[in-house]
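Chain and residue survey
As a plain string of letters, each chain reads:
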Amino acid sequence: MAEKQQTLVLLKPDALQRDLLGEIIRRFEMKGLKIVGLKFIRLTDEMLDEHYSHLTAKPFFASLKQFMMQTPVVGMVLEGFDAVSEIRKVVGSTNPREADAGTIRADFSMNVPSNLIHASDSPESAVTEVKRFFSDAELFDYEKITDRFIFGEGI
Ligand code: DAT
Ligand code: MG
């Protein structure tokens, strides 16, 4: 049974610099993911220590943090059935050169860390990451006239 989920996305400094924010958001919209939160975030060292805590021992950790702090990032919370795994499909593998053609990373990027997007990797991390970056007041529950056509009956 499909589960309605929320997931966290960050559009990284390379997406902003390369004028790809609109294109990436358009792909999420076309997939049928509903934007329930959207804002600029200026990431700090402390936020990144927490967000990338699974990578602290990696030799590239310090340069990854520098990369992520170059400009503000665009934070988004997207909602939909199985949104966490669906969005990872649309985004593609971490290494853009191994990502499937047609994914955002394969189509628009060439290397790590400049792979354009962060997207939560499990339902559990999505819950933690949405809370990390968005307050309840910044998340919006609303109906769209297309909901019935995208999600089907019984939403
Ligand atoms: P993902 O972003 O696909 O969830 P991850 O959580 O393993 O991947 O890594 C987070 C980010 O760290 C990734 O988007 C880009 C950067 N990164 C991963 N592996 C790297 C490497 N070998 N060299 C440089 N940056 C890397
Ligand atoms: Mg990850």
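Anyway, here's the lowdown on the structure attached to this text. Predicted, not measured: the structure shown is a model, and the values here were computed from it. (Residues numbered from 1 in each chain as written. Chains lettered and ligands numbered in written order. Predicted model: local features only at pLDDT ≥ 70, side-chain atom pairs only at ≥ 80, totals over all residues. Heavy atoms only, no water.)

A look at the overall build of the protein
Summing up its helical and strand segments, the protein has eight helices and four strands in all. Starting at the N terminus and ending at the C terminus, the protein contains elements arranged as β-α-α-β-α-α-β-α-α-β-α-α. Seen through its principal axes, the protein has C-alpha atoms that stretch 50 × 35 × 30 Å. Looking at the protein residue by residue over its 155 residues, the buried ones come to 45%. Long-range pairs, those at least 24 residues apart, make up 76% of the contacts in the protein with a sequence separation of at least 6. (Helix = DSSP H or I, 4+ residues; strand = E, 2+ residues; numbered from the N terminus. Buried < 20%, exposed > 50% of the residue type's maximum accessible area, 1.4 Å probe, protein only. Contact = heavy atoms within 4.5 Å.)

What about the packing of aromatic side chains?
Tallying each qualifying case throughout the model produces one aromatic pair. Pairing F81 with F151 gives two aromatic rings, centres 5.4 Å apart and planes at 90°, and the pair type is edge-to-face. Within this pair, whereas F81 is found in strand 3 (residues 73–81), its partner F151 is found in helix 8 (residues 147–151), the two being separated by 70 residues in sequence. You can call F151 buried: its relative accessible area is 16%. Across the ring face of F151, the terminal group of K4 is positioned such that the distance to the ring centre comes to 5.8 Å. (Phe/Tyr/Trp six-rings, centres within 6.5 Å; stacked < 30°, edge-to-face > 60°. Lys NZ or Arg CZ within 6 Å of the ring centre and 35° of its normal.)

Regarding the site of ligand 1
Looking at ligand 1, the residues that line it are K12, Y52, H54, L55, F60, L64, R88, T94, R105, V112, P113 and N115. At 2.9 Å, a side-chain N or O of N115 approaches an oxygen atom of ligand 1. Taken together, the residues of the shell around ligand 1 break down into six nonpolar, three polar and three charged. (Near = heavy atom within 4 Å. Polar contact = N/O pair within 3.5 Å; in protein donor to acceptor, adjacent residues only side chain to side chain. Nonpolar A, V, L, I, M, F, W, Y, C, P; charged D, E, K, R; others polar.)

Let's talk about the pattern of salt bridges
By the definition in use, this model includes 11 salt bridges. We note a salt bridge from K65 to D45, for which the minimum N-O separation is 3.3 Å. Here K65, found in helix 4 (residues 61–68), pairs with D45, found in helix 3 (residues 45–51); they are 20 residues apart in sequence, far enough to count as distant. Relative accessible area serves as the criterion here: at 9%, K65 is assigned to the buried category. In this structure, the salt-bridge partner of R132 is E50, at a minimum N-O distance of 3.0 Å. Pair noted here: R132 is in helix 7 (residues 123–133) and E50 is in helix 3, with a separation of 82 residues, a long-range link. E50 gets classed as partly exposed once you look at its relative accessible area, which sits at 47%. Via salt bridges that share partners, E23, R26, R27 and D107 belong to a single interconnected network. (Salt bridge = Lys/Arg side-chain N within 4 Å of Asp/Glu carboxyl O.)

Looking at the nonpolar core
Most often, soluble globular proteins have nonpolar side chains that are buried together. With 20 residues, the main nonpolar core has V9, L11, I24, F28 and M76 as its most contacted residues. For this core, the secondary-structure elements that each account for two or more residues are strand 1 (4–11), helix 2 (21–31), strand 3, helix 5 (83–91) and strand 4 (117–119). With four residues, helix 5 is the single largest residue contributor to this core. Setting aside chain neighbours within four positions, we find M76 in contact with T7, L8, V9, L11, I25, F28, I35, G37, L38 and F134. (Core = buried A, V, L, I, M, F, W, Y, C linked by side-chain atoms within 4.5 Å.)

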